[in-house]
Amino acid sequence: MMLTWKEEYSIGIEIIDEQHKHLFEIGNQAYELLKNELRVDKYDDVVQILEDLRQYTKFHFQTEETYMLKINSDQLPIQKIEHAEFIKKIFNIDFRSLDANTNKHLNEILFFILNWILDHVLHKDKLIAQR
Ligand SMILES: [Fe+2]
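Residues numbered from 1 in each chain as written. Predicted model: local features only at pLDDT ≥ 70, side-chain atom pairs only at ≥ 80, totals over all residues. Heavy atoms only, no water.

## Here we look at the environment of leucine 127
Stage number 1. Locating leucine 127 in the fold gives a position in the segment after helix H4 (103-122).
Stage number 2. Owing to a relative accessible area of 35%, leucine 127 belongs among the partly exposed residues under this scheme.
Stage number 3. Distance from leucine 127 to glutamate 64, taken between C-alpha atoms, is 11 Å for residues 63 residues apart in sequence. (Helix = DSSP H or I, 4+ residues; strand = E, 2+ residues; numbered from the N terminus. Buried < 20%, exposed > 50% of the residue type's maximum accessible area, 1.4 Å probe, protein only.)

## A few points about the side chain of threonine 63
Stage number 1. Within the secondary structure layout, threonine 63 lies in helix H2 (residues 43-70).
Stage number 2. On the basis of relative accessibility, which here comes to 14%, the residue threonine 63 falls in the buried class.
Stage number 3. Discounting chain neighbours no more than four positions away, the residues touching threonine 63 are Ile15, Ile16 and Gln19. (Contact = heavy atoms within 4.5 Å.)

## Side note on the coordination of the iron ion
Stage number 1. For the iron ion, every protein donor is listed as His20 (NE2), His60 (NE2), Glu64 (OE), His120 (NE2) and Asp125 (OD), and the spread of their distances is 1.7 to 2.2 Å.
Stage number 2. Taken in chain order, the donor set of the iron ion reads H-x39-H-x3-E-x55-H-x4-D. Of the two residues, histidine 60 is situated in helix H2 and aspartate 125 in the segment after H4; the sequence distance between them amounts to 65 residues. In this pair, the class of histidine 60 matches that of aspartate 125, namely buried. (Donors = N, O, S within 2.8 Å, 3.2 Å for Na, K, Ca; no water.)

## Some remarks on the side chain of histidine 20
Stage number 1. Relative to the elements of secondary structure, histidine 20 occurs in helix H1 (residues 14-35).
Stage number 2. Only 3.0 Å separates the side chain of histidine 20 from the side chain of histidine 60, close enough to count as a polar contact.
Stage number 3. Apart from residues no more than four positions distant in its own chain, histidine 20 is found in contact with Trp5, His60, Glu64, His120, Val121 and Asp125. (Polar contact = N/O pair within 3.5 Å; in protein donor to acceptor, adjacent residues only side chain to side chain.)

## Notes on the packing of aromatic side chains
Stage number 1. All chains considered together, the criterion is met by 8 aromatic pairs.
Stage number 2. Ring centres of phenylalanine 61 and phenylalanine 86 lie 6.4 Å apart, and the angle between their planes is 70°; on these two criteria the pair is classed as edge-to-face. One end of the pair, phenylalanine 61, is in helix H2; the other, phenylalanine 86, is in helix H3 (residues 76-92), with 25 residues separating them in the sequence.
Stage number 3. A relative accessible area of 4% places phenylalanine 61 in the buried class.
Stage number 4. Since its relative accessible area comes to 4%, phenylalanine 86 is described here as buried.
Stage number 5. When the centroid spacing of 5.9 Å and the interplanar angle of 75° are considered together, the rings of phenylalanine 61 and tryptophan 116 count as edge-to-face. Pair noted here: phenylalanine 61 is in helix H2 and tryptophan 116 is in helix H4, with a separation of 55 residues, a long-range link. Assigned by exposure class, phenylalanine 61 and tryptophan 116 land together as buried.
Stage number 6. Joined through ring pairs, the aromatic side chains of Phe61, Phe86, Phe112 and Trp116 make up one cluster. (Phe/Tyr/Trp six-rings, centres within 6.5 Å; stacked < 30°, edge-to-face > 60°.)

## Section: H4
Stage number 1. Taking 1.5 Å of rise per residue, 20 residues should cover 28 Å, and H4 covers 28 Å from first to last C-alpha, within 8% of that figure.
Stage number 2. Among the residues of H4, those classed as buried are Leu106, Ile109, Leu110, Ile113, Leu114, Trp116, Ile117, Leu118, His120 and Val121.
Stage number 3. Close packing links the buried residues of H4 with H1, H2 and H3. (Expected span 1.5 Å × (residues − 1).)

## Side note on the pattern of salt bridges
Stage number 1. Applying the stated criterion to the full structure yields 3 salt bridges.
Stage number 2. Glutamate 18 is paired through a salt bridge with lysine 21; the nearest N and O atoms lie 3.3 Å apart. Remark: lysine 21 and glutamate 18 occur in helix H1; sequence separation between them is 3 residues, near one turn of the helix.
Stage number 3. On the basis of relative accessible area, lysine 21 is assigned to the partly exposed category, the value being 28%.
Stage number 4. Aspartate 45 serves as the salt-bridge partner of arginine 39, at 2.3 Å between the closest nitrogen and oxygen.
Stage number 5. By relative accessible area, which is 36% here, arginine 39 ends up partly exposed. (Salt bridge = Lys/Arg side-chain N within 4 Å of Asp/Glu carboxyl O.)

Right, here's the structure in full:
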């Protein structure tokens, strides 16, 4: 499931839409790696993708929360909780517990990343523009 941007995904706030497009790009890197059966050792790539996602998500959530604060959105408290939960989740993924046969576990991480990006962009953020 390659992530392809469609206009209907737009929430009408340009800065946030642009950031969602970038999240799709990170998601597509995860997807490419997920389906790449020739790559024997995915460990380093998964670490890199996860690191990109961690940094970018923190930045992105800040943008969203600042925007919601500005328009006095009643979505801010619930979004803040969800954002914090997700940040905790992706920062808690522990690579040290992986053994030699890591691909299955790495694929689970990639799948999780992909699903979250889709859910976040397509469902959770639809309400951001509401006051
Ligand atoms: Fe978002």
